[in-house]
Amino acid sequence: MGGKLGTLFARAGHEVVFSYARSLEKLKRLARKAGGKARAGTPREAAQEAHALLLAVHWSRVDDVLAQAGDLAGKLVVTCSLPMNADDTALVIGGESSGAEELARKIPSARVVAAFNTVPSEVLFDVYAGRRKAARPSLVYCGDDRRGKIAAARLIRDVGFEPVDAGPLRIARYTEPFGLLVAQLAYERKGGPRVAYRFERLGK
Ligand SMILES: NC(=O)c1ccc[n+]([C@@H]2O[C@H](COP(=O)([O-])OP(=O)(O)OC[C@H]3O[C@@H](n4cnc5c(N)ncnc54)[C@H](OP(=O)(O)O)[C@@H]3O)[C@@H](O)[C@H]2O)c1
């Protein structure tokens, strides 16, 4: 998710720092391929300079990457991370809370928005290729910070989705299991993983 979204953010004109992998070479390669103003850096370097950070790590790595990133006061943290167990078969948080809310509790001075957690990575380049079409796929997002949500909606549009504001961060209790439904359709049903969705409001 980080490699693909970072590449698309760079193509949309953003200055992107790819960080957090076991191989610095992989991050440098991603930055070279993304082109534009992309580069590789440590999580701390990425966090210090960026207005917005995409958290795209396995749930088991969240504490580690946050420790490496350092102070996130005032930063927009867009999380696509789903709170999955080690073998990615089930959510470890759900119902009364969500991964996004737990994350917000870990970094109370940051502005957390949950987005990009309801689509498979395999569809992202297709969505970007169709970004000028009239009927674009939807992408639900939620958060408690108004300015953070405006910035997140812009990133969502930059990738080619129509942002759908689902409300406060606690709505991640619903969007995270919905992400698993989309994953089920993408990876367990026929037709391949290039799956997106579109909400339509009928009537006035
Ligand atoms: N994949 C999807 O379609 C999708 C869709 C919706 C939501 N999500 C969520 O998005 C998050 C990211 O998923 P993903 O599929 O993009 O995961 P991924 O391909 O495994 O990427 C995770 C990143 O973390 C790095 N990493 C893992 N272990 C590390 C370690 N010990 N030290 C340093 N870096 C480490 C990986 O680098 P290396 O492994 O190269 O070292 C990679 O850069 C997850 O929470 C997932 O639930 C994924």
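As the structure is a computational prediction, the values presented were derived from the model and not from experiment.

Rules behind the numbers
- Residues numbered from 1 in each chain as written.
- Predicted model: local features only at pLDDT ≥ 70, side-chain atom pairs only at ≥ 80, totals over all residues.
- Heavy atoms only, no water.
- Helix = DSSP H or I, 4+ residues; strand = E, 2+ residues; numbered from the N terminus.
- Buried < 20%, exposed > 50% of the residue type's maximum accessible area, 1.4 Å probe, protein only.
- Near = heavy atom within 4 Å.
- Polar contact = N/O pair within 3.5 Å; in protein donor to acceptor, adjacent residues only side chain to side chain.
- Areas by Shrake-Rupley, 256 points an atom, 1.4 Å probe, with all protein chains shown as cover.
- Expected span 1.5 Å × (residues − 1).
- Arc of directions from axis to C-beta.
- Contact = heavy atoms within 4.5 Å.
- Pairing = 2+ DSSP bridges.
- Right-handed = clockwise from strand over helix to strand, strands pointing away.

**Quick look at the environment of Glu96**
Thought 1: Mapping Glu96 onto the fold places it in the loop between β4 (76–79) and α5 (99–106).
Thought 2: A relative accessible area of 72% means that Glu96 is categorised as exposed.
Thought 3: Once the C-alpha coordinates of Glu96 and Arg170 are considered, the two residues, 74 residues apart in sequence, prove to be 9.0 Å apart.

**Notes on the site of the ligand**
Thought 1: Around the ligand, 18 residues are found, and the nearest of them are Met1, Arg22, Lys26, Val57 and Ser121.
Thought 2: A distance of 2.7 Å is found between an oxygen atom of the ligand and a side-chain nitrogen or oxygen belonging to Arg22.
Thought 3: Here an oxygen atom of the ligand sits 3.3 Å away from a polar atom, N or O, in the main chain of Leu82.
Thought 4: In the complex, 71% of the free accessible area of the ligand, which totals 890 Å², lies under the protein chains.

**Let's talk about helix α8 (residues 172–187)**
Thought 1: When the terminal C-alpha atoms of α8 are compared, their 22 Å separation across 16 residues agrees well with the 22 Å that a helix rising 1.5 Å per residue should span.
Thought 2: For α8, every residue scored as buried is listed here: Ala172, Thr175, Glu176, Gly179, Val182 and Ala186. Summarising the axial view, the buried residues of α8 lie within an arc of 110°, below the 170-degree limit, and thus occupy one face.
Thought 3: In the core, the buried residues of α8 are packed alongside α5, β5 (111–114) and β6 (138–143).

**Details of the pairing of β4**
Thought 1: With burial as the criterion, each face of β4 is covered, one bearing Leu76 and Val78 and the other bearing Val77 and Thr79.
Thought 2: Bridging between strand β3 (residues 52–55) and β4 involves four bridges; their strand directions are parallel. Residue pairing across strands places Leu54 opposite Val78, the latter belonging to β4.
Thought 3: Once the chain exits β3 it traverses helix α4 (residues 62–69) before rejoining the sheet at β4, and the crossover so formed is right-handed.
Thought 4: In this sheet, β5 lies alongside β4 in parallel orientation, the contact comprising four bridges. The residue bridging Thr79 from the neighbouring strand is Ala114, located in β5.

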